[in-house]
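Each chain is listed here by its residues.
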Amino acid sequence: MKINPRILNSIKSLPAFPITVKKINRMISSPDYSARELASVIKYDQSITANILRMCNSAYFGLRHKVDNVQDAVLYLGRDNLVRAVLAAGISRYFKKTKGYAVEGIDLWEHSVSVALMAQILSRKIYNHEDPKLFTAAILHDVGKVVLGEYVCESCKKIKALVSEKGYDFLEAEEEVLGVNHAQLGGEMALLWNFPADIKDAIAYHHRPDMVKRKSNGLVWLVYLADQICLMTGIGGGADGLAYRGLKEAFDKFKLRQQDVEEAMILLLRGMEDARDLLDIVPDKRSVPRTAPQERSLRY
Amino acid sequence: MFPGNVEGVFNTFYAMKEIVVGIADLKVSRHSDDIMVTYALGSCVAVAAYDPAARVGGLLHFMLPSSSLNVSKARENPSMFADTGLPVLFKSCYELGADRKRMVVKIAGGANIIGDASFFRVGQKNLTTLRKILWRNGILISGEDTGSNTNRTLRFHIRDGRVQVRKSGGALEAI
């Protein structure tokens, strides 16, 4: 794959979400912080999740197995490294907005959380349990957009024209105009950071799970389904709207019925309310009226 | 001394109040300064109902077609479904002085993921159910921007009943 070197260079550091950073720092500074509580805050933040997983899986730690969830990462890293990871995520390109995908009232962060919650709703429905690895994969699925947003912004007109006039889906349009789509780029980022292979696949193929070559355990399909259902619910990506191809086999694979999808949408609304209560970091101004005013600059 | 954009000047002096209507939510108003906004319509559908004489308007943002899916949820929040949300929308407008015979209705949303599988066509189901209910009650749709595969944001001005729609980050257009 030939990717614009400018795009590749931007991969190196990711912006973070300051309210989470503050919260985490406050928790870490207490002498007896609990790894479980800390993980429950960190896991809602895609940039910090990415950073601490990257750190954990780096050669420096030389762990024999890949770390694929936040709670383990918190335990392995210890206080000092955590502070570094969180700050690194926090100070680099602090309030930078990923313009290309932005639509008023929607932000990438909220979408990422909703897909992670939806993935857990589906996992509970299908397997009767949740899966921390699935949560990680789901919250990071759009990580490529954080970088690609800049370039989508520059080329927005061209991309939209391909979608509305030539019947392209958004991925095809991104590829044609930018030489790479946000899923592939996310996959490259995951590779660079040494993420476990199935998380990398779930990111790289989250719109085309049918194209995964490796024998898959369903992770990528669940992330795909969760993403599509969130787009329908309107907790969406942004400029890409719903312009993606529906793969019916996703539903067949897990024997899901139409009713299951609709019920999942209802559960998601409730889940998003709970996530707001838990963290208060979704800078939202639409769905839940009782949320306090948020920092607008957090919007993507 | 007076710039051309009179409305713009007016807005500067008398800050318009934006009322946000969330997913599975419903708001009504008879305050001329109110502008109702609903963001991020995907497959969900927004229904704006307005009485131009009484200057009363209501906006419903429903998510799914039929309350038969989850009756207790529908009782808790009727705005979630078309069949339970619409009666509440109209009744709430009447309570504020709107008259059934004067109601003007405009709709937006109901987008779908690309493809034929019914799973991805919640938007289409929403629109079909909405049209059936309005038709049964003799209510015409006087403006709409529906279907396709774009996100939409809708703004609804209580002052004059104007409804504007923005598609996937594009320009605001009246419907």
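A. Structural view of the nonpolar core. With 115 residues, the main nonpolar core has Ile42, Met118, Leu122 and Phe195 of chain A together with Met63, Leu154 and Phe156 of chain B as its most contacted residues. In terms of residues, this core owes the most to one element, helix α13 (residues 219-233) of chain A, which gives 12 residues. Discounting residues that sit within four places of it in the chain, Met118 of chain A has contacts with Ala226, Ile229, Cys230, Ala264, Met265 and Leu268 of chain A. Membership of the second largest hydrophobic core comes to 21 residues, among which are Leu60, Phe62, Phe90 and Met103 of chain B.

B. Expanded view of the sheet that holds strand β5 (residues 56-62) of chain B. Residues and elements named next belong to chain B. Across the sheet, five strands lie side by side as β2-β5-β4-β6-β7; this open sheet has mixed pairing. In this open sheet, the two strands that pair with only one neighbour each are β2 (25-29) and β7 (141-146). Across the sheet, the mean angle from the axis of one strand to that of its neighbour is 10°, orientation sign disregarded. Here strand β4 (residues 45-51) runs beside strand β6 (residues 104-109); their pairing, made up of six bridges, is antiparallel. Counterpart to Val47 in the pairing with β6 is Ile107. On top of the sheet, helix α3 (residues 82-95) reaches β2, β4, β5 and β6; it is set at about 165° to β5, its chief contact.

C. Examining the sheet that holds strand β10 (residues 172-174) of chain B more closely. Residue and element names in this part refer to chain B. Read from one edge to the other, the open sheet built from five strands follows the order β1-β3-β8-β9-β10, with strand pairing classed as mixed. One side of each edge strand has no neighbouring strand; the edge strands of this open sheet are β1 (17-20) and β10. Strand-to-strand twist in this sheet, taken as the mean axis angle between neighbours without regard to direction, amounts to 25°. When strand β3 (residues 34-41) meets strand β8 (residues 152-157), the two strands line up antiparallel, connected through five bridges. Bridge pairing in β8 places Leu41 opposite Arg152.

D. Here's a closer look at the pairing of β6 of chain B. Residues and elements named next belong to chain B. The element β6 is largely enclosed, with a buried count of five among its six residues. Strand direction decides the pairing type here: β6 and β7, joined by five bridges, are parallel. Looking across to β7, one finds that Ala108 is bridged to Asp145. What joins β6 to β7 is helix α4 (residues 122-136), and the crossover it makes is right-handed.

E. Highlighting the interface of chain A and chain B. Of the residues lining the interface, 39 residues belong to chain A; the matching set on chain B comes to 36 residues. In this assembly, chain A packs against chain B so that about 3300 Å² is buried in total across both faces, 66% of it on carbon and sulfur atoms. At the boundary of chain A and chain B, one finds one salt bridge. Here Lys125 of chain B and Glu262 of chain A are joined by a salt bridge, their closest N and O atoms 2.8 Å apart. Our count for the chain A to chain B interface comes out at six residue pairs in polar contact (both at pLDDT 80 or more). Mapped by element, the contributors of at least two residues to the side of chain A that touches chain B are α9 (156-166), α13 and α15 (258-279) of chain A. Taken together, the residues of the side of chain A that touches chain B break down into 18 nonpolar, 10 polar and 11 charged.

F. Local environment of helix α11 (residues 182-192) of chain A. Residues and elements named next belong to chain A. What α11 keeps buried is the set His182, Ala183, Leu185, Gly186, Gly187, Met189 and Ala190. Sitting at the head of α11, Asn181 places a side-chain oxygen 2.9 Å from the backbone nitrogen of Ala183. Of the residues trailing α11, Asn194 is marked for its positive phi of about 65°.

G. Seen up close, helix α3 (residues 35-42) of chain A. For α3 of chain A, every residue scored as buried is listed here: Ala35, Leu38, Ala39, Val41 and Ile42 of chain A. One face of α3 of chain A carries all of its buried residues, which in axial projection span an arc of 160°.

H. View of the packing of aromatic side chains. Residues and elements named next belong to chain A. Here the structure, examined in full by the defined rule, presents five aromatic pairs over all chains. A centroid spacing of 6.3 Å and a plane angle of 65° characterise the contact between Phe170 and Tyr244, whose relative ring orientation is edge-to-face. With Phe170 in helix α10 (residues 170-178) and Tyr244 in the loop between α13 and α14 (249-253), this residue pair connects regions lying 74 residues apart in the sequence. We classify Tyr244 as buried; its relative accessible area is 1%. Summarising the aromatic geometry, the rings of Trp221 and Tyr224 are spaced 6.3 Å apart at their centres and angled 80° between planes, so their arrangement reads as edge-to-face. One end of the pair is Trp221 and the other is Tyr224, both in helix α13 and three residues apart, which spans about a single turn. Side by side, Trp221 and Tyr224 carry an identical accessibility label, which is buried.

I. Quick peek at the pairing of strand β9 (residues 163-167) of chain B. All names here are of chain B. Relative to β9, β8 runs antiparallel, the two being bridged by five bridges. Each bridged residue has a counterpart across the sheet, and for Thr153 the counterpart in β9 is Arg166. What sits between β8 and β9 in their antiparallel hairpin is a turn of five residues, with Gly161 showing a positive phi close to 80°. One ladder, built from three bridges, connects β9 with β10; its direction is antiparallel. The partner of Arg166 across the bridge, within β10, is Leu172.

J. Region of the structure containing the pattern of salt bridges. All names here are of chain B. Under the defined criterion, the tally for this structure stands at 20 salt bridges over all chains. With a shortest N-O distance of 2.5 Å, Asp145 and Arg152 are connected by a salt bridge. The residues Asp145 and Arg152 share a single accessibility class, namely buried. Between Lys167 and Asp145 there is a salt bridge, and its shortest N-O distance comes to 3.3 Å. On the criterion of sequence distance, the pair formed by Lys167 in strand β9 and Asp145 in strand β7 is long-range, its members being 22 residues apart. Overall, Lys167 belongs to the partly exposed group, its relative accessible area being 38%. Asp145 sits in the buried class, given a relative accessible area of 13%.

Rules and cut-offs
Within any chain, residue numbers begin from 1 and follow the written order of that chain's sequence. Chains carry letters from A onward and ligands carry numbers from 1 onward, assigned in written order. Restriction of local features to residues with pLDDT of at least 70 applies here, the model being predicted, together with a cutoff of 80 or more for giving and counting side-chain atom pairs; totals for whole chains, interfaces and linings are based on all residues. Just so you know, side-chain values use all the structure's heavy atoms and leave hydrogens and water out. Among buried residues, those of type Ala, Val, Leu, Ile, Met, Phe, Trp, Tyr and Cys that are joined through side-chain atoms within 4.5 Å constitute a nonpolar core. Relative accessibility decides the category of a residue: with a 1.4 Å probe and only protein chains considered, values under 20% of the type maximum give buried, values over 50% give exposed, and everything between is partly exposed. Secondary structure is summarised from DSSP: a helix means a run of H or I of at least four residues, a strand means a run of E of at least two, and numbering begins at the N terminus for each. Whether two residues are in contact is decided by their heavy atoms, any of which lying within 4.5 Å being enough. What makes two strands pair is DSSP finding at least two bridges between them. Lines fitted to C-alpha atoms define the axes here, with helix axes fitted over just the stretch in contact, and angles between the N-to-C directions of these axes take values from 0 to 180 degrees. By definition, the crossover connecting two strands over a helix is right-handed if that path, from the first strand to the second, turns clockwise as seen with the strands pointing away from the viewer. Here the quantity called buried area is the accessible surface, traced with a 1.4 Å probe, that two parts lose on coming together, added over both. Salt bridges, as used here, are contacts in which a Lys or Arg side-chain nitrogen is within 4 Å of a carboxyl oxygen on Asp or Glu. Under the rule applied, a polar contact is a pair of N or O atoms within 3.5 Å (in protein, one hydrogen donor and one hydrogen acceptor; residues adjacent in sequence only if both atoms are side-chain atoms). Any residue outside Ala, Val, Leu, Ile, Met, Phe, Trp, Tyr, Cys, Pro, Asp, Glu, Lys and Arg is labelled polar, Gly included; the first ten of those are nonpolar and the last four are charged. It is the directions from the helix axis to the C-beta atoms that the arc portrays. Whether two aromatic rings pair depends on their centres lying within 6.5 Å, for rings of Phe, Tyr and Trp, where Trp uses its six-membered ring; planes under 30 degrees apart make the pair stacked, over 60 edge-to-face, and the rest tilted.

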